[in-house]
Protein chains: 2
Amino acid sequence: MQVNAYAAPKAGAPLAPTTIERREVGANDVLIDIEYAGICHSDIHTVNGDWGPQPFPVVPGHEIVGTVTEVGEAVTHHKVGDRVGVGCMVNACRECASCLRGDEQYCLNGMIGTYAATDRDGTTTQGGYSTRVVVDANFVLSIPEGLDPAAAAPLLCAGITTYTPLKHWDAGPGTKVAVVGLGGLGHMGVKIAHALGAEVTVLSQSLKKQEDGLRLGADHYYATSDPDTFEALAGSFDLIINTVSAGIDVNAYLGLLAVDGTLVNVGAPPEPLPVNAMSLIGARRSFAGSMIGGIAITQEMLDFCAEHGITSEVEVIAADQINEAYERVLASDVRYRFVIDTSTI
Amino acid sequence: MQVNAYAAPKAGAPLAPTTIERREVGANDVLIDIEYAGICHSDIHTVNGDWGPQPFPVVPGHEIVGTVTEVGEAVTHHKVGDRVGVGCMVNACRECASCLRGDEQYCLNGMIGTYAATDRDGTTTQGGYSTRVVVDANFVLSIPEGLDPAAAAPLLCAGITTYTPLKHWDAGPGTKVAVVGLGGLGHMGVKIAHALGAEVTVLSQSLKKQEDGLRLGADHYYATSDPDTFEALAGSFDLIINTVSAGIDVNAYLGLLAVDGTLVNVGAPPEPLPVNAMSLIGARRSFAGSMIGGIAITQEMLDFCAEHGITSEVEVIAADQINEAYERVLASDVRYRFVIDTSTI
């Protein structure tokens, strides 16, 4: 099946319209007419070649929302007409300890990314900047009614990336959570942490987005460019979610943690972060990392967001604005997520 | 009260006999006739000035075992004739969240070290390389019957330093624990992890002490100088206790952790450890630190050790061998802890 798509033909080249082949709908597959696809910073890193060689042409997009138009004969929990979503992975081995535990994102045999990955049948996956996609039903999420489909798309990556560590490290009533960076990930982290009942502080480079941060659910907002911030907040937080993928002074942030607190990186800075062991030992602190979430917790997150009326703040664009949107993401000029209306592809 | 002691008169100078003043026994105090004092690497760092300026003369020693010879009028849970121990701290504020939770070692107002610290009454604390010590009863542990007093002394630092993280991070039946370094701390970690029911692997620079390691309770023993070790054991461990206070390739050790595994440093290398965020993110791993333990868990550890017949492997020395023992500790020429017979002071 030939479908329309926007692809990067080679590393660093602008994305352009093309057609790609999707596989026939197998017994366990779902065919989705894509309505919206979010633009994630990872898309840009991938097509720019920042993360190594890629199987070009690459169709990015792993924040996909659409409607089911066909299901394979063995599919029971999705049906034609359902609104569904696909996130960062479309397959995994389903047999290893991680998969059996519901942590398919940590599949010990390698989870299969939604694009630029080699699927278990040997084909190369292609993402959501396209009009239709065929995905194994086990990796297709249900989008609850009441969630705006465009604004729900970023939940599939930005939402789950922040929801999982917040839940894993027990954010909730009585806990103090800081979110570093108020971008695509950070603004979701603030909304979700607030809905979980935590006391939420935004740590942003400047106070430029303070009004937004407080509106989105933050209780406090501090500028990290002000050294007083690190004195005023020393030993304060049970959990810090760092969404910034540039390097940070990790010891300064560890110093903001209370005893037994955890700093979780969800972004991956290119350079190693030098950690002073005493920053950890002196208060039994942890420096951790977290990557998206398994299928079950992703569905849980979508249901939680529907219950709490949470979606992403989005700017919907047409496909011919993708390259300009990439420039604006790189310039941090987006509040807070671009979402492509894929009917324009 | 004047008591005999061995002190370092200034940074880097050999320790020599002297006398020091101990305070009168207050209402909440216990006077202890010291029998044994372990030699910890920290003692050497402190008197060498590796950890900054110190209030010389310094009497080191925070692995103290002795017998109660006098108690203050308000003391109820220790009595004359009891065998008792004192570890790394002799006071804390007892009012902050950490103290109230039993984590006096993380006292938010600063725990008071057993030596070279300023106590809450303004005096400078002096440690266990001496014949008698006066300590607040709340910081005095009971040494259970059946524990050899000389071999029990190192439990007060080396024992609790490894016991606390093993318990905190749930080492037990079904978990795989690695202990990095088979020295004073490491050999206690192996014994305790084994007694807790974990599957224990020693990661040592060479196989020199392999026979010892297996005898002490390790199930497996690998040389970290062999690069194959890091391939063979990739993704294996739920918990790694790193007792080495020299720098390590922290990303290589993080790679040995299973999904959700934790690497805990109990030693503090002088240089920062460069952590690749991807080492953490790719499997939700944590890099943490831990420092000794609170009073309640220290007593729990002593009782656990008595129940399981665990003490340190020690070489008992006379006081005039302290300086030579320091040289041998620095040369890793001790199996596994020097303990001073303080009757020789």
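(A) Representation of unusual backbone geometry. The amide bond that connects Arg335 of chain A to the next residue, Tyr336 of chain A, takes the cis arrangement and shows omega of 0 degrees. Mapped onto the secondary structure, Tyr336 of chain A falls in the loop between helix 11 (322-330) and strand 18 (337-341). The phi dihedral of Asp170 of chain A falls on the positive side, at around 60 degrees, and the residue is not glycine. Mapped onto the elements, Asp170 of chain A comes out in the loop between helix 4 (158-168) and strand 10 (176-180). The phi dihedral of Ser332 of chain B is positive, around 55 degrees, even though this residue is not glycine. For Ser332 of chain B, the location among the structural elements is in the loop between helix 11 (322-330) and strand 18 (337-341). The exposure class of Ser332 of chain B is exposed, given its relative accessible area of 55%.

(B) Region of the structure containing the pattern of salt bridges. Per the stated rule, a full pass over the model turns up 34 salt bridges over all chains. For Asp260 of chain A, the salt bridge is made with Arg284 of chain A, and the minimal N-O distance between the two is 2.6 Å. Taken as a pair, Asp260 of chain A in strand 14 (residues 257-265) and Arg284 of chain A in the loop between helix 9 (277-281) and strand 16 (286-289) lie far apart in primary sequence, 24 residues in all. You can call Asp260 of chain A partly exposed: its relative accessible area is 30%. Residue Arg284 of chain A is classed as buried on the basis of its relative accessible area of 5%. Put simply, Arg328 of chain B and Glu315 of chain B hold a salt bridge, and the shortest N to O gap is 3.0 Å. Here Arg328 of chain B is found in helix 11, whereas its partner Glu315 of chain B is found in strand 17 (residues 314-317), with 13 residues between them in sequence. Glu315 of chain B gets classed as partly exposed once you look at its relative accessible area, which sits at 28%.

(C) Examining the relation of the copies chain B and chain A more closely. You can overlay chain B on chain A at an RMSD of 0.0 Å; the transform is a turn of 180 degrees with a shift of 0.0 Å along its axis. Classification of the inter-copy transformation places it as that of a two-fold axis. When C-alpha positions in chain B are compared against the rotation axis, the closest is assigned to Pro274 of chain B, at 2.0 Å. In this assembly the copies share their binding face: 100% of the residues contributing to the interface of chain B also contribute to that of chain A.

(D) Inspection of the side chain of Thr161 of chain A at higher detail. Residues and elements named next belong to chain A. By the element assignment, Thr161 lies in helix 4. A relative accessible area of 5% places Thr161 in the buried class. Among the polar contacts made by the side chain of Thr161, one reaches the main-chain carbonyl oxygen of Cys157 at a distance of 2.7 Å.

(E) Here's a closer look at the domain arrangement of chain A. Residue and element names in this part refer to chain A. Under the domain assignment, chain A is made up of domain 1 (2-157 + 312-344) and domain 2 (159-289). Distance between the C-alpha centres of domain 1 and domain 2: 28 Å. Of the residues lining the interface, nine residues belong to domain 1; the matching set on domain 2 comes to 15 residues. Where domain 1 abuts domain 2, roughly 1100 Å² becomes buried across the two surfaces, and 45% of that area is made up of carbon and sulfur atoms. Summed over the shared surface of domain 1 and domain 2, the number is three salt bridges. Where Glu313 meets Arg215, a salt bridge forms, and the shortest distance between an N and an O atom there is 3.5 Å.

(F) Here's a closer look at the environment of Val177 of chain A. Looking at the element boundaries, Val177 of chain A is found in strand 10. Residue Val177 of chain A is classed as buried on the basis of its relative accessible area of 0%.

(G) Looking closely at helix 11 of chain A. All names here are of chain A. What helix 11 keeps buried is the set Ile322, Ala325, Tyr326 and Val329. On an axial view of helix 11, the arc spanned by its buried residues comes to 105 degrees, and they lie on one face. Residues of helix 11 that are buried make contact with strand 1 (2-7), helix 1 (41-48), strand 17 (314-317) and strand 18. Of the residues one or two after helix 11, Ser332 is the one with positive phi, at around 55 degrees.

(H) Inspection of the nonpolar core at higher detail. In this structure, Leu155, Leu166, Val177, Val190, Ile192 and Leu239 of chain A are the most contacted members of the largest nonpolar core, which totals 76 residues. With six residues, the single largest contributor to this core is helix 5 (residues 184-196) of chain A. In this structure, Leu155 of chain A is in contact with Leu147, Ile160, Met188, Met301, Leu302, Cys305, Ile310, Thr311 and Ser312 of chain A, ignoring residues within four places of it in sequence. Judged by nonpolar contacts, the second largest core, of 71 residues, contains Val30, Cys107, Ile143 and Ala288 of chain B.

(I) The confidence of the model for chain A, seen in detail. Scored by pLDDT, chain A has a mean of 97; 100% of the residues are at 70 or more. Two numbers describe this predicted complex: its pTM, 0.96, and its ipTM, 0.96.

(J) Quick look at the interface of chain B and chain A. Of the residues lining the interface, 35 residues belong to chain B; the matching set on chain A comes to 35 residues. Of the roughly 2600 Å² buried where chain B meets chain A, counting both sides, 64% is carbon and sulfur surface. If you look at where chain B meets chain A, you find two salt bridges. We note a salt bridge from Arg284 of chain A to Asp103 of chain B, for which the minimum N-O separation is 3.2 Å. The tally of links between chain B and chain A comes to seven residue pairs in polar contact (both at pLDDT 80 or more). The set of elements that each furnish at least two residues to the side of chain B that touches chain A consists of helix 4 (158-168), strand 14 (257-265), strand 15 (273-275), helix 9 (277-281) and strand 16 (286-289) of chain B. Classifying every residue of the side of chain B that touches chain A gives 19 nonpolar, 11 polar and five charged. Of the strand pairs in this sheet, strand 15 (residues 273-275) of chain A and strand 15 of chain B are connected by three bridges, and their pairing is antiparallel.

(K) Spotlight on the environment of Ala234 of chain A. Residues and elements named next belong to chain A. Its location among the elements puts Ala234 in the loop between helix 7 (228-232) and strand 13 (237-242). Owing to a relative accessible area of 47%, Ala234 belongs among the partly exposed residues under this scheme. Remark: the alpha-carbon pair of Ala234 and Ala252, spanning 18 residues in sequence, is separated by 8.9 Å. Setting aside residues no more than four positions away along its own chain, Ala234 makes contact with Gly255 and Leu256.

The rules we used
- Every residue gets a number counted from 1 within its own chain, in the order that chain's sequence is written.
- Following the order in which they are written, the chains are lettered starting with A and the ligands numbered starting with 1.
- Under the rules for a predicted model, residues below a pLDDT of 70 receive no local features and side-chain atom pairs below 80 are neither given nor counted, while totals for whole chains, interfaces and linings still include all residues.
- Hydrogen atoms and water are omitted, and side-chain values are computed over all heavy atoms in the structure.
- In this text, helices come from DSSP runs of H or I with a minimum length of four residues, and strands from runs of E with a minimum of two, each type numbered from the N-terminal end.
- Note on classification: 1.4 Å probe, protein chains only; a residue is buried when its accessible area is under 20% of the maximum for its type, exposed when over 50%, partly exposed between these limits.
- The rule for a salt bridge is simple: a side-chain nitrogen of Lys or Arg has to be within 4 Å of a carboxyl oxygen of Asp or Glu.
- Residues reaching a pLDDT of at least 70 in both copies supply the C-alpha atoms on which the copies are superposed by least squares.
- A contact between two residues is defined here by any heavy atoms of the two lying within 4.5 Å.
- Counting of polar contacts relies on pairs of N or O atoms within 3.5 Å, with two restrictions inside protein: one atom must be capable of donating a hydrogen and the other of accepting it, and residues adjacent in sequence are counted only when both atoms are side-chain atoms.
- Domain segmentation is taken from an automatic or database assignment of domains.
- Buried area, as used here, totals the accessible surface that two parts lose on assembly, with accessibility defined by a 1.4 Å probe and the loss added over both.
- The directions from the helix axis to the C-beta atoms are what the arc is built from.
- Buried residues of nine kinds, namely Ala, Val, Leu, Ile, Met, Phe, Trp, Tyr and Cys, make up a nonpolar core once their side-chain atoms join them within 4.5 Å.
- For every residue, the predictor states its confidence as a pLDDT score lying anywhere from 0 to 100.
- In the scheme used here, Gly and all other residues not listed as nonpolar or charged are polar, with Ala, Val, Leu, Ile, Met, Phe, Trp, Tyr, Cys and Pro taken as nonpolar and Asp, Glu, Lys and Arg as charged.
- At least two bridges found by DSSP between two strands is the condition for calling them paired.

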